[in-house]
Amino acid sequence: MKVQRIVPLVFAGIMAVSCGKKETTDTNEIAKESNDKKFEDRKEEKDADFIAETVAANYAEISLAKLAAEKSDNSQIKETARMLEKDHSKLLQDLQTFASLKAITVPSEEKDDAKKKIEDLTKEDNVKDFNKEWCETMVDKHEKTIKNFESRLDKTQDADLKILIDQTLPQLRAHLDKVKACEQSM
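Because the structure is a prediction, the values reported are computed rather than measured. Here the residue numbers are simple positions, counted from 1 along each chain's written sequence. It should be noted that, the model being predicted, local features are given only for residues of pLDDT at least 70 and side-chain atom pairs only at 80 or more, the latter also being counted only at that level, while totals for whole chains, interfaces and linings use all residues. Remark: hydrogens and water are excluded; side-chain values derive from all non-hydrogen atoms of the structure.

Chemist: I'm lost on the pattern of salt bridges in this one. Help?
Modeler: Opposite charge on two side chains permits pairing when their charged atoms draw close. Between Lys or Arg on one side and Asp or Glu on the other, a salt bridge is scored when a side-chain nitrogen of the former is within 4 Å of a carboxyl oxygen of the latter. All told, the structure shown has 18 salt bridges when counted by the stated rule. Asp49 is paired through a salt bridge with Lys32; the nearest N and O atoms lie 3.2 Å apart. In this pair, Asp49 sits in helix α3 (residues 42–71) while Lys32 sits in helix α2 (residues 27–38), placing the two residues 17 residues apart along the sequence. When accessible area is computed with a 1.4 Å probe and restricted to protein chains, residues below 20% of their type maximum are described as buried, those above 50% as exposed, and intermediate ones as partly exposed. For Asp49, a relative accessible area of 10% translates into the label buried. For Asp47, the salt bridge goes to Arg152, with nearest N and O atoms at 2.8 Å. In this pair, Asp47 is assigned in helix α3 and Arg152 in helix α6 (residues 127–155), connecting sequence segments 105 residues apart. Taken as a pair, Asp47 and Arg152 share a single burial class, namely buried. By the criteria applied, helices consist of DSSP H or I runs no shorter than four residues and strands consist of E runs no shorter than two, each listed in order from the N terminus.

Chemist: Looking at this structure, how should I read the side chain of Thr27?
Modeler: Of note, Thr27 is situated in helix α2. Of the residues examined, Thr27 reaches a relative accessible area of 18% and is grouped as buried. Any pair of residues with heavy atoms lying within 4.5 Å of one another is described as a contacting pair. Beyond its immediate stretch of four places on either side in the chain, Thr27 contacts Pro107, Ser108 and Glu109.

Chemist: Looking at this structure, how should I read helix α7 (residues 159–185)?
Modeler: Every α-helical turn comprises 3.6 residues, leaving residues that sit three or four positions apart pointing alike. Expected span of a helix, by definition, is 1.5 Å for each gap between consecutive residues, and there is one gap fewer than residues. Taking 1.5 Å as the rise per residue, α7 with 27 residues should run 39 Å; its terminal C-alpha atoms sit 40 Å apart, in good agreement. Bending of α7 peaks at approximately 30° at the position of Thr168, with proline Pro170 no more than four residues after it. Within α7, burial applies to Leu161, Leu164, Ile165, Thr168, Leu169, Leu172, His175, Leu176, Val179 and Cys182. The inward-facing, buried residues of α7 contact α3, α4 (75–101) and α6. In protein, a polar contact means a hydrogen-donor-capable atom and an acceptor-capable atom, both N or O and within 3.5 Å, with residues adjacent in sequence counting only if both atoms are side-chain atoms; elsewhere, any N or O pair within 3.5 Å suffices. Measuring from the side-chain oxygen of the N-cap residue of α7 to the backbone nitrogen of Asp160 gives 2.8 Å; that N-cap residue is Asp158. Two axes define the bend at a residue: one fitted to the seven residues ending there, one fitted to the seven starting there, and the bend is the angle between them.

Chemist: It is not clear to me how the packing of α3 against helix α5 (residues 112–123) should be interpreted in this structure. Could you clarify?
Modeler: A pair of packed helices is captured by two measures, namely the crossing angle of their axes and the spacing between those axes. Interhelical geometry of α3 versus α5 gives an angle of 5° and a closest axis separation of 10 Å. It follows that α3 is roughly parallel to α5 by the angle criterion. Side by side, α3 and α5 meet where Ala60, Ser63, Leu64, Leu67 and Lys71 of the first sit next to Ala114, Ile118, Leu121, Thr122 and Lys123 of the second. Taken together, the residues of the contact of α3 with α5 break down into 6 nonpolar, 2 polar and 2 charged. Lines fitted to C-alpha atoms define the axes, with helix axes restricted to the stretch in contact, and inter-axis angles between N-to-C directions lie between 0 and 180 degrees. Between 65 and 115 degrees an angle is taken as roughly perpendicular, under 35 as roughly parallel, over 145 as roughly antiparallel, and anywhere else as oblique. Side-chain classes follow a simple rule in which Ala, Val, Leu, Ile, Met, Phe, Trp, Tyr, Cys and Pro form the nonpolar group, Asp, Glu, Lys and Arg form the charged group, and the remainder, Gly included, forms the polar group.

Chemist: How should I be thinking about the packing of aromatic side chains in this particular structure?
Modeler: Working definition: a ring pair exists when centres of Phe, Tyr or Trp rings (six-membered ring for Trp) sit within 6.5 Å. Plane angles under 30 degrees give stacked, over 60 give edge-to-face, the rest tilted. Within this structure, the stated rule accounts for 1 aromatic pair. Seen from their ring centres, Phe50 and Phe149 are 5.0 Å apart, and the 70° between their planes marks the pair as edge-to-face. With Phe50 in helix α3 and Phe149 in helix α6, the pair connects residues that are 99 residues apart, well separated along the chain. We note that Phe50, like Phe149, is buried.

Chemist: Is there a simple way to explain the side chain of Glu45 in this structure?
Modeler: The topology assignment puts Glu45 in helix α3. For Glu45, a relative accessible area of 11% corresponds to the buried category. Excluding its chain neighbours within four sequence positions, the residues that come into contact with Glu45 are Asn35, Asp36 and Phe39.

What follows is the structure in structure tokens.
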């Protein structure tokens, strides 16, 4: 008799919990939502989005660099990958420090599309195809990153962010030159 009363209550409880608001574990979404709530000023929110997206991009760059250092058979790619890992790890630390000082929430991982690209490259068995795809990916990523940095430099009014961008752009351009040289050498 008691079981018959408890079963409907347990079922109702399970339904209530499962129909509730879904909690996300994607740190990129969590950072975006947090920054949207935190920054009333649209310009500050755009700067915060830029920092959060750049942090996520650096996680991807580091993962891609590590992958190439392990998987490639090309010494130029391996050397470039080690440089990228070192430089982007330093940039990630700088971005995290900047975010902390400005109360910006940042993700702790790359975005889903970057995870998918890393997974696809990890599965690539043909090392020549891997090298080609990795170079194309890195050229594309660096071109987009440079464009985003230049755009944010023109739009931001935050003097500290302008300094960070000004200091980072030459290194990003040098990275682009290196990965283009890798791509052309194949």
